[in-house]
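Given next are the chains, with one letter for each unit.
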Amino acid sequence: MKNKFFTRKFVPAAQIRRLRKGMGIFMKKTLIRFAGNFLKCGLAGWCMEIVFTSLDSLRRRDMSLKGNTSLWMFPIYGSAAFLTPFGRLLGRKSPWVRGSAYAGLIFSMEYVTGRLLSKHKLCPWDYGRSRWNVGRVIRLDFVPFWFCAGLLLERLLCPPHPGGRKASHAARQDAP
């Protein structure tokens, strides 16, 4: 039997309008979801940075526990929303593989944004005093922190399905 779609000489205008409308709705929902994820990541990043810098003041015995951040950091942390597709791709891998991949991606983004901001003398961080720095914009001794931050952002961006991953996978296999 021939496929009806390809045997017609034209596609009705009403069908084209439905397709365009459906695609517009899909794109709109995708952009809204991305904007929400961008805000979540930006705010989560700011909060993590403030806590992290506060703990550094504790190391110096400064009990005021003042943390700090920069407005430049919000879009940098917000860009972690681009990790969502990686979270879906890596979903079945072990936490060691996923965390390592996230740490590598975060390091790459930190390096690129750090170099770009340094070029314009706007970089809010300078790791030049650390012996583990790369280009004064990333620190290799921060691998465990970025590893954990990546897994935390994964939970924020790709929450597990009700019933867990294995239950949802079994349900998909049983579905017609």
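Residues numbered from 1 in each chain as written. Predicted model: local features only at pLDDT ≥ 70, side-chain atom pairs only at ≥ 80, totals over all residues. Heavy atoms only, no water.

### Regarding the overall build of the protein chain
When you go through the protein chain residue by residue, the secondary structure sums to seven helices and two strands. Along the protein chain, helices and strands appear, N-terminal first, in the series α-α-α-α-α-β-β-α-α. Looking at the protein chain as a whole, 28% of its 176 residues are labelled buried. Counting only contacts in the protein chain whose residues sit at least 6 apart along the sequence, the fraction spanning at least 24 positions is 59%. (Helix = DSSP H or I, 4+ residues; strand = E, 2+ residues; numbered from the N terminus. Buried < 20%, exposed > 50% of the residue type's maximum accessible area, 1.4 Å probe, protein only. Contact = heavy atoms within 4.5 Å.)

### Side note on the layout of surface pockets
Considered as a void within the structure, the largest pocket measures approximately 1,400 Å³ in volume. Along the wall of the largest pocket there are 41 residues; nearest its centre are E49, Y77, Y127, F142 and W146. Taken together, the elements giving at least two residues each to the lining of the largest pocket come down to α2 (13–59), α3 (73–78), α5 (95–119) and α6 (143–157). No other element matches α2, which puts 10 residues into the lining of the largest pocket. Here the lining of the largest pocket is built from residues that sort into 22 nonpolar, 10 polar and nine charged. (1 Å grid on protein atoms, 1.4 Å probe; cavity = no way out; pocket = protein on both sides within 12 Å on 5 of 7 lines; lining within 4 Å. Points joined across faces, edges and corners; volume = space filled by probe spheres on them. Nonpolar A, V, L, I, M, F, W, Y, C, P; charged D, E, K, R; others polar.)

### Quick word on α5
Taking 1.5 Å per residue as the helical rise, α5 with its 25 residues ought to reach 36 Å, and the 35 Å between its terminal C-alpha atoms agrees with that figure. Turning to α5, its buried residues are R98, G99, Y102, A103, I106, F107, E110, T113, G114 and L117. Taken from the residues just after α5, K121 is the one with a positive phi, measuring 55°. (Expected span 1.5 Å × (residues − 1).)

### Let's talk about the confidence of the model for the protein chain
Taken as a whole, the protein chain shows an average pLDDT of 84; of its residues, 78% reach a score of 70 or greater. Low pLDDT, under 50, characterises residues 166–176; the stretch is placed with four contacts to residues that sit more than four places away or in other chains. (pLDDT = per-residue confidence, 0-100.)

### As for the pattern of salt bridges
Taken as a whole, this structure holds five salt bridges when the rule is applied. D56 serves as the salt-bridge partner of R59, at 2.9 Å between the closest nitrogen and oxygen. Taken as a pair, R59 and D56 lie in helix α2 at a separation of three residues, close to a single helical turn. Taking the shortest distance from any N to any O, the salt bridge between E154 and R98 comes out at 2.8 Å. Placement of E154 in helix α6 and of R98 in helix α5 is noted, with a sequence separation of 56 residues between them. (Salt bridge = Lys/Arg side-chain N within 4 Å of Asp/Glu carboxyl O.)

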